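Observations on the three-dimensional arrangement
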Amino acid sequence: MKARQCKHNSRNMKRSGDSEGEKRRKRRRLLQELGDQKIPFLGPSDRGFQQLWDSSYFGLVLRKSCSLPAELHSRVQAALLTLRKKGCLLKDLVRVRDRDVFTAVSRALLGEPGHTYRYLDTRLFAIPWHSEDAEVKGQNCCDPDLRDACKALWELNTFLCSDVSQLKEGDQFSQCMKAEGEAKLVEEGETESKHSDDSKNSEGGDSESRQSEEGDTESKHSEEWDIESKHSEEGCSGSKQEAGWETEEGESSQVKPSEGSFAGVSEHSEGKCPGWTTEAFSGTKPEPVGLEAQEKPVAQLKHSLSDYHIQDREELAGGLGCSQTSPPQVCTGPVKFNVTLLNYMDPAQMSHLKEEPYYGMGKMAVGWHHDENLITHSPVAVYNYSCHDDKGECSEGSSVEKACWRIGLKVAWDIHTPGLMLPLESGDCYYMRDDLNNTHQHCVLAGETARFSSTHRVAECSKGTLTYIQSRCQEALSNLHTDPETGSHSLVTLQPTALQHCEEIHNEVEFEWLRQYWFQGQRYARFCSWWTRPMEQLEKDWKLMETMTMLFLATVEEEGQAEERRREMAETLLSALTDRHQQRQTWRDRCHSSLAQTLPPEEAPVDRPFWGVDDPGMPLPFDLADIISRVESLLWRM
Ligand SMILES: O=C(O)CCC(=O)C(=O)O
Ligand SMILES: [Fe+2]
């Protein structure tokens, strides 16, 4: 068996979601309501900004850079520069509605050893962060510079976990710590005093009840706005649905790295979406509160129909092929971020960035989206590092505002509440707490300098850790008996449900792990060898599962079994093989797409496992078309 680099053109295999007609109707309705206006949005210099934040964006918290220890800043920033220098940050070749696109930002995933994070049909494998624990155990998977960099991000993670866990209800702005760690308010006046609440130790109880009261409103409200398809098929914890409406699909991404043209990409939320909204500002401008009360003209409207991509919701109760029955994981108690997705972009290197189409917020580095694949109600913490070029910090006032990086937020399914635009200075952090990620979408608006962000998340990992997939493999392989004398194989039970279970695991390890991993080329092994051995072992297990399928096929083709049972087995086998055949084709297409060809050899997708027709080491052919026809005709004859 050998790995093979791809050559063919792509073909669309993925099933489509809601009917196109339905999408069109929804889109028309949205556009009618919107008319030809841009929706207003408020930044810090606009009157009503604070009131809007309080009432419609209260899960958002800004932590000013001064509230993190200076030493942590310098370690984290050096770490990010190291990762860039080493070339660890790469654009992902993700898949959106049957299209391959490069993300506009370059990314890397760091996190708990063996964790993965899945977004846009792409599973990222975490470079383990090197906690003190791991150091004691003497992990030796990457070079010392990389190890130090990973450790710095782990330290940041530790800081953010405890910081986000101890926020109190209503906290929106940071508290600056003096060197001794004593707290001092940075933002004074109304904001803080209004929210000050002496019970420092809120665990979110109040906030939760407040959210769920309002939640009903949004879930009803959102019925008519249900748009968008899901991209992630990961996870089985409860229902998954998209909440929000988007422009041409969320995240800005490049079709060709060289040309910098964009296609849309969106991330999709995971977990329940009770949602909430406030009609406080429906159709009216908020009243001035606090800060400066400058009126800002509502941006002029200029959007075309094609800017809108209305999406349809899909609920995945139980997930795909999910055998787990555990209830949805909900984030309660102290927060433990298990991964951070690093983002990097230098706008000077980008020939084209898409304009934010609904509000006129400016150029987007990451389009409107919900973060997907997170534990329900878990917060997201983002560290912002914009590399300075002596232009100074962001200050209020519109021309400078465009020079700095900003976050845009909007209420999902809502064209009445103004958007919120939050400028970030280097070292600032922001948190999206409680249900904000589900009820709202966010985007990243590019400033002028190169910028990193480290986005700390509680990834929903029930099907996303190495330990998980290893134990699944063991489950499947427990149905394979090896004769200790001859080494020959046989199946322990021929129960159709047991066989089906094995075939599902076979597909899972092949498509969710092996092909996902190799599709990203040498990306992992180049910097860190942590995943190398485990992937080899998973491939060995998978190969034994090929033997199991071969034995299954032989049993089905054997004469002299009870007809009914044989039919049942044949049907089970046929469905597993058809799925496998299609998915292999999809992965071949992804590997061989014209975009994939633009990548340098060390990043180029590898179509692995792949083997030739007469590979003696492999029990079954790569191409399953013949076997599928054999089983089909067997069924016809029954
Ligand atoms: O860079 C940021 O501030 C956020 C990026 C983001 O939204 C994401 O990675 O999901
Ligand atoms: Fe995000």
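Residues numbered from 1 in each chain as written. Chains lettered and ligands numbered in written order. Predicted model: local features only at pLDDT ≥ 70, side-chain atom pairs only at ≥ 80, totals over all residues. Heavy atoms only, no water.

Another point: the state of the cysteines. Counted by the stated rule, this structure contains zero disulfides. With no disulfide of its own, Cys-141 has Cys-528 as its nearest cysteine by sulfur position, at a separation of 3.7 Å. Of the residues examined, Cys-141 reaches a relative accessible area of 11% and is grouped as buried. In this model Cys-150 remains outside any disulfide bridge; the closest cysteine sulfur is found in Cys-142, 5.0 Å from its own. Taking relative accessible area as the criterion, Cys-150 reaches 0% and is therefore assigned buried. (Disulfide = S-S within 2.5 Å. Buried < 20%, exposed > 50% of the residue type's maximum accessible area, 1.4 Å probe, protein only.)

Burial of strand 6 (residues 116–119) is two-sided: the residues Thr-116 and Arg-118 facing one way and the residues Tyr-117 and Tyr-119 facing the other way are all buried. Where strand 6 hands over to strand 7 (residues 122–125), the hairpin turn is made up of two residues, of which Leu-120 adopts a positive phi near 45°. (Helix = DSSP H or I, 4+ residues; strand = E, 2+ residues; numbered from the N terminus. Pairing = 2+ DSSP bridges.)

Applying the stated criterion to the full structure yields 26 salt bridges. For Asp-428, the salt bridge identified is with Lys-64, shortest N-O distance 3.1 Å. With a gap of 364 residues between them, Asp-428 in the loop between strand 19 (419–423) and strand 20 (429–432) and Lys-64 in the loop between strand 3 (60–63) and helix 3 (70–85) connect regions that are remote in the sequence. Judged by relative accessible area, Asp-428 falls into the buried class, the value being 1%. The residue Glu-512 makes a salt bridge to Arg-123 at a minimum N-O spacing of 2.7 Å. Taken together, the positions of Glu-512 in helix 11 (residues 496–519) and Arg-123 in strand 7 put the pair 389 residues apart, joining distant regions of the chain. Judged by relative accessible area, which is 18%, Glu-512 ranks as buried. With a relative accessible area of 1%, Arg-123 lands in the buried category. Here the salt bridges share partners, and the residues they tie into one network are Glu-510, Arg-515, Glu-546, Arg-584, Arg-588 and Asp-607. (Salt bridge = Lys/Arg side-chain N within 4 Å of Asp/Glu carboxyl O.)

Our next topic: the confidence of the model for the protein. When pLDDT is averaged across the protein, the result is 75; 67% of the residues are at 70 or more. Counted against residues more than four places away or in other chains, residues 2–18, with its pLDDT under 50, gives 53 contacts. Low confidence marks residues 175–328, where pLDDT is under 50. Its contacts with residues over four positions away, or in another chain, come to 448 contacts. (pLDDT = per-residue confidence, 0-100. Contact = heavy atoms within 4.5 Å.)

Before going further, it helps to spend a moment on empty space enclosed by the protein. Applying the stated criterion across every chain yields a total of eight cavities of 30 Å³ or more. Of the volumes computed, that of the largest cavity is approximately 150 Å³. In terms of lining, the largest cavity is formed by 20 residues, of which the most central are Asn-343, Val-366, Val-444, Ser-453 and Thr-455. Where the lining of the largest cavity is concerned, the elements lending two or more residues are strand 5 (99–111), strand 15 (339–345), strand 16 (364–369), strand 20, strand 21 (440–445) and strand 22 (451–457). (1 Å grid on protein atoms, 1.4 Å probe; cavity = no way out; pocket = protein on both sides within 12 Å on 5 of 7 lines; lining within 4 Å. Points joined across faces, edges and corners; volume = space filled by probe spheres on them.)

Attention now goes to the environment of Cys-443. On the secondary structure map, Cys-443 appears in strand 21. The buried category is assigned to Cys-443, whose relative accessible area is 0%. Those residues within four positions of Cys-443 in sequence are excluded, and the remaining contacts are Met-364, Val-366, Gly-367, Trp-368, Arg-406, Ile-407 and Gly-408.

The subject of this paragraph is the site of ligand 1. Near ligand 1 there are 14 residues, and of these Asn-343, Tyr-430, Arg-451, Ser-453 and Arg-457 occur at the shortest range. At 2.9 Å from an oxygen atom of ligand 1 is found a side-chain nitrogen or oxygen belonging to Arg-457. For ligand 1, the accessible surface in isolation is 290 Å², of which the surrounding protein chains cover 99%. Most atoms of ligand 1, that is more than half of them, are within 2 Å of grid points of the largest cavity. Those elements that provide at least two residues to the shell around ligand 1 are strand 21 and strand 22. Here the shell around ligand 1 takes four residues from strand 22, the largest share from any one element. Here the residues of the shell around ligand 1 sort into four nonpolar, five polar and five charged. (Near = heavy atom within 4 Å. Polar contact = N/O pair within 3.5 Å; in protein donor to acceptor, adjacent residues only side chain to side chain. Areas by Shrake-Rupley, 256 points an atom, 1.4 Å probe, with all protein chains shown as cover. Sits in = over half its atoms within 2 Å of the grid points. Nonpolar A, V, L, I, M, F, W, Y, C, P; charged D, E, K, R; others polar.)

Along a regular strand, successive side chains alternate from one face of the sheet to the other. The two faces of strand 7 match: Thr-122 and Leu-124 on one face and Arg-123 and Phe-125 on the other face are all buried. Pairing geometry for strand 6 and strand 7, over four bridges, is antiparallel. When the bridges of strand 7 are listed, Thr-116 appears paired with Phe-125.

Time to look at helix 3. Counted at 1.5 Å a residue, the expected span for helix 3 with its 16 residues is 22 Å, and the 23 Å between its end C-alpha atoms agrees. Taken together, the buried positions of helix 3 are Leu-72, His-73, Val-76, Gln-77, Ala-79, Leu-80, Thr-82 and Leu-83. Where the residues of helix 3 are buried, they touch helix 5 (144–165), strand 15, strand 17 (380–386) and strand 22. Once helix 3 ends, the next one or two residues include Gly-87, with phi positive near 80°. (Expected span 1.5 Å × (residues − 1).)

To continue, consider the packing of helix 10 (residues 466–477) against helix 13 (residues 532–557). At a closest axis distance of 10 Å, the pairing of helix 10 and helix 13 adopts a crossing angle of 25°. On the basis of their axis angle, the class for helix 10 and helix 13 is roughly parallel. Viewed along their axes, helix 10 and helix 13 form a crossing whose handedness is left-handed. For the pair formed by helix 10 and helix 13, the contact residues are Leu-466, Ile-469, Gln-470, Cys-473, Gln-474, Ala-476 and Leu-477 on the first element and Pro-534, Leu-538, Asp-541, Leu-544, Met-545 and Met-548 on the second. (Axes fitted to C-alpha atoms, helices over the stretch in contact; angles between N-to-C directions. Parallel < 35°, antiparallel > 145°, perpendicular 65-115°, else oblique. Left-handed = near helix turned anticlockwise from the far one by under 90°.)

To continue, consider the packing of aromatic side chains. One pass over the full model with this rule turns up 17 aromatic pairs. Seen in terms of ring centroids, Phe-125 and Trp-531 are 5.0 Å apart; in terms of plane orientation they differ by 80°. Their pairing is edge-to-face. Here Trp-531 lies in the loop between helix 12 (523–527) and helix 13 and Phe-125 lies in strand 7, a separation of 406 residues in the sequence. For Trp-531, a relative accessible area of 1% puts it in the buried group. With a centroid separation of 5.3 Å and 70° between ring planes, the pair formed by Phe-519 and Trp-587 is classed as edge-to-face. Of the two residues, Phe-519 sits in helix 11 while Trp-587 sits in helix 14 (residues 563–592), which places them 68 residues apart along the sequence. (Phe/Tyr/Trp six-rings, centres within 6.5 Å; stacked < 30°, edge-to-face > 60°.)

Locating Tyr-344 in the fold gives a position in strand 15. Classification of Tyr-344 by relative accessible area gives buried; the value is 12%. For the pair Tyr-344 and Leu-89, spaced 255 residues apart in sequence, the C-alpha to C-alpha distance is 7.2 Å. Every residue in contact with Tyr-344, bar those within four places of it in the chain, is listed here: Arg-84, Leu-89, Val-105, Ser-106, Ala-450, Arg-451 and Phe-452. There is a polar contact of 2.7 Å between the side chain of Tyr-344 and the side chain of Arg-84.

Moving on, we come to the sheet that holds strand 16. Through backbone hydrogen bonds, the strands of a sheet pair up, either in parallel or in antiparallel fashion. If you trace the five strands from one edge of the open sheet to the other, you get 2-19-18-21-16, paired in mixed fashion. In the strand order of this sheet, the two ends are held by strand 2 (41–42) and strand 16, each with one partner. With respect to the sheet, helix 2 (residues 49–56) is in contact with strand 2, strand 18 (406–411), strand 19 and strand 21, its orientation differing from that of strand 19 by roughly 110°.

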